[in-house]
Amino acid sequence: MGSEPQSILPKWASKPCIMGIDEAGRGPVLGPMVYGCLYCARSYEKTLSTLNFADSKTLKEEKREELFENLKANEAIGWAVDVIDPKELSAKMLKKNKINLNEISHNSATGLVTRVLNMGVLLTEVYVDTVGDSEKYRVKLSERFPSIKFIVAKKADSVYPVVSGASIVAKQVTRDRALREWALDETAEGINRSFGSGYPGDPETKAWLEQHKHHIFGFPTLVRFSWGTCNSYFKDIVEVLWESDKMDEDCSSNGKRQLKLSSFGVTAPKRKSEEIESSGKGRCRFFQARKLEQLSQF
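Just so it is clear, the model here is predicted, and its values are computed rather than measured.

(A) Representation of the environment of S158 in the model. Along the polypeptide, S158 turns up in helix 6 (residues 156-159). Sequence separation between S158 and F53 is 105 residues, and the spatial gap between their C-alpha atoms is 9.2 Å.

As structure tokens, this is what we get:
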């Protein structure tokens, strides 16, 4: 999570403040998803509405850049961002205990509120562009932060200036710049930056994905490989069988039988090998075969 550094908290932050939260880059298959917030004193709300903020998606890049520069120079406004890179998105959405995109979004918004509160800002009202059911989302946030009034609405970035400002922060400060200045981890020859907008329907993005797919290693780390868009590019992908997966199955098979017996009120005595495995010293043949030991000190 990043933010505009503020070494000294402004005086207005100790008075009742409002905050808007919005995201940029939820739909693209390339690049990070960014959550941004903008906050100010409640007494500044009317002035905020005169600053010509609008939903960032309706503005040209030059106008967003101009508004963002004005925003940064305005001492009556604070802002912060949370950048979730493609690897983190894919890892969370594909791991065994999956975290869906809505939950990732909720956690990011919650993190921004927590961060601003921890800075000492007296938040009393927070406006959020909804993800999922707006009422359920509002209740979830209210239970987490009972002292704050939450207004969660669809198209909040088009209705509330404080959310419009957050939209500009999210899109201009990081999403656009991150994609434009992305430092590719891969150093293979032939990787180019002509990937278009990053949205699945963009012909330039489609061509880039087709050009940069690898039948074993997949895509460069710029790509959110958990997106369904990626599946169509790997109809002829090389199948990879992981030895560790097979070993994990072997290790869990005894445990599954034990669970089944226990559910009928019968507990079979553990064999010595099972006792060793349950102690953590020899959990699996995968480790035993490679003479790997658990270290408690380094």
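(B) Highlighting the packing of aromatic side chains. Taken as a whole and judged by the stated rule, the model has five aromatic pairs. Seen in terms of ring centroids, F145 and F150 are 6.1 Å apart; in terms of plane orientation they differ by 40°. Their pairing is tilted. Taken together, a centroid distance of 5.8 Å and an interplanar angle of 85° make the contact between F195 and W208 edge-to-face. Pair noted here: F195 is in the loop between helix 7 (161-180) and helix 8 (203-212) and W208 is in helix 8, with a separation of 13 residues, a long-range link.

(C) Highlighting unusual backbone geometry. A positive phi angle, close to 55°, is found at K155, a residue other than glycine. By the element assignment, K155 lies in the loop between strand 6 (149-153) and helix 6. Assessed through its relative accessible area of 60%, K155 is described here as exposed.

(D) A look at the packing of helix 4 (residues 101-118) against helix 5 (residues 134-144). Axis separation between helix 4 and helix 5 bottoms out at 11 Å; the angle between their running directions is 35°. Crossing angle aside, the handedness with which helix 4 passes helix 5 is right-handed. Facing S105, H106, A109, T110 and T114 of helix 4, the residues of helix 5 in contact are Y137, K140, L141 and R144. Counted by class, the contact of helix 4 with helix 5 contains three nonpolar, four polar and two charged residues.

(E) Inspection of helix 5 at higher detail. Among all positions in helix 5, only Y137, L141 and S142 are buried. An end-on view of helix 5 places all buried positions within 130° of arc, on one side of the element. Residues of helix 5 that are exposed and point over 90 degrees away from its buried face: K136 and E143. In the core, the buried residues of helix 5 are packed alongside helix 4, strand 5 (123-129) and strand 6. A side-chain oxygen of the first residue of helix 5 lies 3.1 Å from the backbone nitrogen of E135; this N-cap is D133.

Cut-offs and rules
- Residues numbered from 1 in each chain as written.
- Predicted model: local features only at pLDDT ≥ 70, side-chain atom pairs only at ≥ 80, totals over all residues.
- Heavy atoms only, no water.
- Helix = DSSP H or I, 4+ residues; strand = E, 2+ residues; numbered from the N terminus.
- Phe/Tyr/Trp six-rings, centres within 6.5 Å; stacked < 30°, edge-to-face > 60°.
- Buried < 20%, exposed > 50% of the residue type's maximum accessible area, 1.4 Å probe, protein only.
- Axes fitted to C-alpha atoms, helices over the stretch in contact; angles between N-to-C directions.
- Left-handed = near helix turned anticlockwise from the far one by under 90°.
- Contact = heavy atoms within 4.5 Å.
- Nonpolar A, V, L, I, M, F, W, Y, C, P; charged D, E, K, R; others polar.
- Arc of directions from axis to C-beta.
- Polar contact = N/O pair within 3.5 Å; in protein donor to acceptor, adjacent residues only side chain to side chain.

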